[in-house]
Every structure is written in structure tokens, then in C-alpha cells.
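# A look at the structure
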Amino acid sequence: MEVKVKTELIKPISEIRIEEENYETEKLLDMEETKNIIRIEMNTIEYPLLTKNKKIDINTGIKYIFNDKKNQFIEVIPALNSKIPHEFDKRIFHGLMSLLRDQKYNRKVYFYYKLLMEKSGIKYNGRTLKAVKESLNRLATTSYTFNNCFYYNPNANILNREIKTKMLSIDTVTFEEAIKVSNNLSEYFYHHKIKELIEVTFDEKIFDNIISKGFLYFNAADLQLIEYDIARSLYTMITKWRNKALYIKRYSSFLASRIPLSWKKENINKSVKSIIKAFDELKEKKLISGYHFEKNKKYENSYFEIFFEKGHNKNLFLTHKTGQEQLQISGTENLSKSKLKYTAEITSDKQKITLEEFNNLVIEQMKKTNNMNIKVKPTKEQTENYLLQEYEII
């Protein structure tokens, strides 16, 4: 999808200024727990790291380009034979943020699946359990490349270099391993069927932002209440952009570029109507006090004025601009299988094979493990990752 948009006139930020407020750490932590407040990392607010394209294929990544020189961009690359994260995964990520808060902001969090689903606002059943497991795997295996656009709060600026990362990693721990971490984790083994806990370790730079003012506060219940994915994205973005102001104006083309929605001539009307639908829900849920849409003769030139009340600022304790607010996605590229190279962490002694040969190996390996006398059978994705330690796909 190629997106060409009209640039909204926003003055460049010459210096990023953090609005300091005096809040005691312990009081903030207490407020977070009692009011169901979670921290959302700045890059996950500003950028479409989780796609809204429900039809995207496996082995297909996306590149978001921010300038004509194409030297400021984000690449989102799925694991082999997998898809990139989508909107359902955002609910899981928000659930992880609740667990991170509950466990006092240690880089590693521990949980059983039902607990994560409760925190994510997802009902527990066989179908949703499978979806949550798949979601965690996508979040753990998708690779991100930020080129000249990753905001890092310890530097209080956008890093003008390439950052390659994943959001998190996953492991499992037994009861014996868990109580070595903390005796409090023993209560998670309340049922005899719970034999192990999931351990999630957050990426170092993303975690640094979460613990050092590279985040904004949001009410987890408010985010779960929003049904329309575009409304959820707009809500978090405009909350950051307005920086406590009770009024904000943005052109439709700018909003479409950031969601992102297509701005091809034949799709403009549909994209604008999607934004209108999103603001209608936010108004209905009282997350904004209202909005005004001005067509400005034609949709290409239209804009939105969004209004808030002082009550909407009750959770905005630490607000500041990051230098990302004026960025626009000027184009996107689908990175198909032929353009993707699954060569991370490859050593010279790996055997080179074709994708077809690799898929056959996966089938053979899964047949072997299914016949083994082991309690937990590895998934297809785990089998692929195991084989990638020995083989390189050419």
C-alpha cells in the first residue's frame, strides 16, 4: 500500500522538553494499582508496530517510510512461517503491562495463561487460549528495525541510528525455579494442573522507556472498553499529541498516515469514514468530550477538531513531547517472502537448504517428537526455531 499524504504544518521541535511534576514514586505505584493504570511505551503509541491489516499473509513484513530519502523507517519482520503481530496482540501487550505493574516493574514477569487473559480482558476458553499462545509467540519472534526513529528516554531523544530489536522473549519456569525468583510466585501454582509459569523478558530499550518516563499512563479498563481497533490507536496517539491541551486539530491525511489507512484516491472517502467511526466511539465512551469534522470542500483537505475536558487529564501525570509527533508515514512496502532473509544469528557452519526442504524437515522432526514419551510436545514454531539453529534457508 503506497500512502501519499498532505503534510500538516507543524513546527519542528528544536528541543524535547519533559514536563517535570513532583510525584513520589511510591504514591504513583499505589495509584497505578488502585486505579488500574498501566504504562504504555512511547514507540508503541506512536508507531503501527501491530498491523490492522487482517488479510496480511504469513512470511510478509511491512516497511513504514517516513521521508522521501527513505532513510527514516521501521521494518516489521515476522518469524519464518508466521505473521506479524496484529490488533489482538495489542490487548495481550496491554495485559503484560498490567502484570509488569503488579510485579513492581521487574524486567521479567511471570504468569499462567488464565491470569494474563484476565489482565487482557479476554474470556478463558480453548479457542481464546490458543489465540493467546499464538499472540505471545508473534510478540516474541517478530523482529523490528527502527532506522533514525526510535525514541529512547534515557537519551531523551530519537536515536539517529539503526536499532534492531524484538519486543520480548518467552521462557517457562517450574515451581522450583519460580520460588527461587520469589516466594510470592508459589501462589500462582494454586491448581494441580499448573505445572509451570510463563516467563516474559522485555526488550532492554523498551523496558528502559517503561521505567524512565518513556511512557504515558492509561487506564487499562478504558483501553479494553474500546471495541474498534482504529479508535484505540487514535485515542492513545491523540492523548500523547495533545500533551494535556483540551483541544487538538489534525488533518485527515495526517491521521490516516499514522494509523495507517490508505490515502489512494479511490480509498480516501473510506479512510475518512473509518476515522469518523473511531471518533464516534470515543465520544460515546466519553473518552473525548466531542469532535468537529470539517470536510473543507473535499475529503482530501478535511480535518478534525477534537475536544476534551479537564477530567480527561486525570491520568496524565508525566507528559512530554518526544519528537515523533510530526512524523508522517509517506509510504509503505509489503516485504514478501522473496525480500525477507531469515538469517539472524547465522554462523558459517550452518547447512544451507531451500524453504521446501526446511518445511519437510519440520514435518519429520514433529513426527519424531510426537512419538517420544514426553509430556509437553513442542509446537511447530518451536520446532522451526530449533531447526534454524542448524540450517540456513536460501
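None of these values were measured; they are calculated from a predicted model.

In the structure shown here, the tally under the stated rule is 14 salt bridges. The salt bridge involving Arg 101 is made with Asp 102; its shortest N-O contact spans 2.9 Å. Here Lys 108 ties to Glu 199 by a salt bridge, and the two come within 3.9 Å at their closest N and O atoms. Of the two residues, Lys 108 sits in strand S4 (residues 108-111) while Glu 199 sits in strand S10 (residues 196-202), which places them 91 residues apart along the sequence. What makes Lys 108 partly exposed here is its relative accessible area of 36%. For Glu 199, a relative accessible area of 12% translates into the label buried. Among the ionic contacts, a cluster of salt bridges with common partners joins Glu 46, Lys 240, Arg 258 and Glu 325.

Turning to the sheet that holds strand S13 (residues 290-294), a few remarks are in order. With respect to topology, three strands assemble into an open sheet ordered S12-S14-S13, the strand pairing being antiparallel. Looking along the sheet, the strands with just one partner apiece sit at the ends: strand S12 (247-251) and S13. Between one strand axis and the next, the sheet turns through 15 degrees on average, direction left out of account. Pairing of S12 with strand S14 (residues 303-307), which is carried by five bridges, proceeds in the antiparallel orientation. What sits directly across from Tyr 251, in S14, is Tyr 303. Strand contacts of helix H11 (residues 268-284): S13 and S14, with the helix running at about 160 degrees to S13, the strand carrying the most contacts.

For the rest of this paragraph, the subject is the packing of helix H4 (residues 113-120) against helix H5 (residues 126-141). Between H4 and H5, whose axes approach to 11 Å, the crossing angle comes to 90 degrees. Here H4 is positioned roughly perpendicular relative to H5, judged by the angle of their axes. Counting all contacts with H4, which are made through Tyr 113, Leu 116 and Met 117, the residues of H5 involved are Thr 128, Leu 129, Val 132, Lys 133 and Leu 136. Looking at the contact of H4 with H5 residue by residue, the classes come out as six nonpolar, one polar and one charged.

Right, let's talk about the pairing of strand S11 (residues 215-219) for a bit. With five of five residues buried, S11 lies mostly within the body of the structure. A two-sided burial pattern is seen for S11, the buried positions comprising Phe 215, Tyr 217 and Asn 219 on one face and Leu 216 and Phe 218 on the other.

For the rest of this paragraph, the subject is the sheet that holds S4. Adjacent strands of a sheet pair through backbone hydrogen bonds, lying either parallel or antiparallel. Here three strands make up an open sheet; going across it, the order is S4-S10-S9 and the pairing antiparallel. Of all strands in the sheet, those bounded by a partner on one side alone are S4 and strand S9 (168-174). The mean inter-strand angle of the sheet, taken between neighbouring strand axes irrespective of direction, is 25 degrees.

Let's shift gears to the environment of Lys 249. Relative to the assigned elements, Lys 249 resides in strand S12. In the structure, Lys 249 is positioned 56 residues away from Glu 305 in sequence and 4.4 Å away in space, judged by C-alpha atoms.

For the structure on display, the rule yields 18 aromatic pairs. Relative to Phe 146, the ring of Tyr 47 has its centre 6.3 Å away and its plane inclined at 45 degrees; by these criteria the two rings are tilted. Taken as a pair, Tyr 47 in the loop between helix H2 (42-46) and strand S2 (61-65) and Phe 146 in strand S5 (residues 143-147) lie far apart in primary sequence, 99 residues in all. A single burial state applies to Tyr 47 and to Phe 146, both of which are buried. Ring plane angle 40 degrees and centroid distance 6.0 Å describe the contact between Phe 293 and Tyr 299, whose orientation is recorded as tilted.

Another point: the nonpolar core. With 92 residues, the main nonpolar core has Leu 96, Phe 111, Leu 197, Phe 202 and Phe 279 as its most contacted residues. In contact with Leu 96, other than residues within four places in its own chain, are Val 109, Phe 111, Leu 116, Leu 136, Leu 168, Val 200 and Phe 202.

A few words on the side chain of Arg 242. You can see Arg 242 is positioned in helix H9 (residues 229-242). The buried charged residue Arg 242 lacks any salt bridge partner; its closest oppositely charged side chain belongs to Asp 222, at an N-O distance of 9.9 Å. Aside from chain neighbours lying at most four places away, what touches Arg 242 is Ile 248, Phe 308, His 312, Asn 313 and Leu 316.

With that out of the way, let us pick up H5. Compared with an ideal rise of 1.5 Å per residue, which puts 16 residues at 22 Å, H5 spans 23 Å between its outermost C-alpha atoms and is within 8% of the ideal. Of the positions making up H5, those classed as buried are Thr 128, Leu 129, Val 132, Ser 135, Leu 136, Arg 138, Leu 139, Ala 140 and Thr 141. Backbone nitrogen of Arg 127 and a side-chain oxygen of the N-cap are separated by 3.0 Å at the start of H5; the cap is Asn 125.

Calculation notes
- Residues numbered from 1 in each chain as written.
- Predicted model: local features only at pLDDT ≥ 70, side-chain atom pairs only at ≥ 80, totals over all residues.
- Heavy atoms only, no water.
- Salt bridge = Lys/Arg side-chain N within 4 Å of Asp/Glu carboxyl O.
- Helix = DSSP H or I, 4+ residues; strand = E, 2+ residues; numbered from the N terminus.
- Buried < 20%, exposed > 50% of the residue type's maximum accessible area, 1.4 Å probe, protein only.
- Pairing = 2+ DSSP bridges.
- Axes fitted to C-alpha atoms, helices over the stretch in contact; angles between N-to-C directions.
- Contact = heavy atoms within 4.5 Å.
- Parallel < 35°, antiparallel > 145°, perpendicular 65-115°, else oblique.
- Nonpolar A, V, L, I, M, F, W, Y, C, P; charged D, E, K, R; others polar.
- Phe/Tyr/Trp six-rings, centres within 6.5 Å; stacked < 30°, edge-to-face > 60°.
- Core = buried A, V, L, I, M, F, W, Y, C linked by side-chain atoms within 4.5 Å.
- Lys, Arg positive; Asp, Glu negative; His and termini not counted.
- Expected span 1.5 Å × (residues − 1).
- Polar contact = N/O pair within 3.5 Å; in protein donor to acceptor, adjacent residues only side chain to side chain.

Function-wise, these values are silent; they only describe arrangement.
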